[in-house]
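# Structure at a glance
One-letter residues, chain by chain:
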Amino acid sequence: MNKVDHAGWMRDVSTPPPASRTAVRLRMASVFAAVLLLPGAVVAWVASVSTEQGGRCLKYGGDACGASPPGWAFVAALVAALVACCTALFIPSRMAGAERIRRAALWTQLAMEGMFLVLVLSRG
């Protein structure tokens, strides 16, 4: 759709401006971190049950297990990581301060995913 701007020039307003290289890199880093969360969780779980206490907890259950973090902490970390990932991916590039917001969302996502992995490690 073409529109006339205030100077009388025709311009295409239906297509958004292309994303900057930084925006593309931040989006790709966010997707990469999200994809690597599942293998990281598997590795953290295997590491936690490979210890002596983790093996006893896996084999005998309840009494052999030490104090583990509450279940809501796992969910809160995953939800916060998901919200940060969606923010990094879907914030419009033409918004003021989008790059700064996208960078903060990526760091928040990485921190929440790290917290989730530490919680998985401490579970065993």
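Since we're looking at a predicted model, the values are computed, not measured.

Following the criterion strictly, the structure yields two salt bridges and no others. A salt bridge links Arg56 to Glu52; the nearest nitrogen and oxygen atoms lie 3.0 Å apart. Taken together, the residues span about one helical turn, with Arg56 and Glu52 both in helix H2 (residues 52–60) at a distance of four residues. Judged by relative accessible area, Glu52 falls into the exposed class, the value being 64%.

A few words on the nonpolar core. The biggest cluster of nonpolar side chains holds nine residues, and these are Leu37, Ala41, Ala44, Ala73, Phe74, Ala77, Phe116, Leu119 and Val120. At the level of elements, helix H1 (21–49), helix H3 (71–90) and helix H4 (98–123) are the ones that each hand at least two residues to this core.

Now for the packing of aromatic side chains. The tally for this structure, following the rule as stated, stands at one aromatic pair. Plain terms: the ring middles of Phe74 and Phe116 are 6.0 Å apart, the flat faces sit at 85 degrees to each other, and that makes the pair edge-to-face. Taken together, the positions of Phe74 in helix H3 and Phe116 in helix H4 put the pair 42 residues apart, joining distant regions of the chain. Comparing Phe74 with Phe116 shows no difference in burial state: the two are buried.

Within the fold, Ala88 resides in helix H3. As for Ala88 and Ala104, which are separated by 16 residues in sequence, their C-alpha atoms are 8.3 Å apart. Once you skip the residues sitting within four places of it in the chain, Ala88 turns out to touch Arg27, Ser30, Arg102, Ala105 and Leu106.

Let us look at a nonpolar patch on the surface. The grouping of Leu38, Val42, Trp45, Val46 and Leu58 at the surface amounts to a nonpolar patch, some 520 Å² of accessible area in total. For the nonpolar patch, the element with the highest residue contribution is H1, accounting for four residues. Looking at where Val42 falls in the secondary structure, it is placed in helix H1. A relative accessible area of 47% means that Val42 is categorised as partly exposed.

The rules behind the values
- Residues numbered from 1 in each chain as written.
- Predicted model: local features only at pLDDT ≥ 70, side-chain atom pairs only at ≥ 80, totals over all residues.
- Heavy atoms only, no water.
- Salt bridge = Lys/Arg side-chain N within 4 Å of Asp/Glu carboxyl O.
- Helix = DSSP H or I, 4+ residues; strand = E, 2+ residues; numbered from the N terminus.
- Buried < 20%, exposed > 50% of the residue type's maximum accessible area, 1.4 Å probe, protein only.
- Core = buried A, V, L, I, M, F, W, Y, C linked by side-chain atoms within 4.5 Å.
- Phe/Tyr/Trp six-rings, centres within 6.5 Å; stacked < 30°, edge-to-face > 60°.
- Contact = heavy atoms within 4.5 Å.
- Patch = residues over 30% accessible without salt bridge, like charges linked within 9 Å, V, L, I, M, F, W, Y side chains within 5 Å.
- Areas by Shrake-Rupley, 256 points an atom, 1.4 Å probe, with all protein chains shown as cover.

What is shown is where atoms sit, not what they do.
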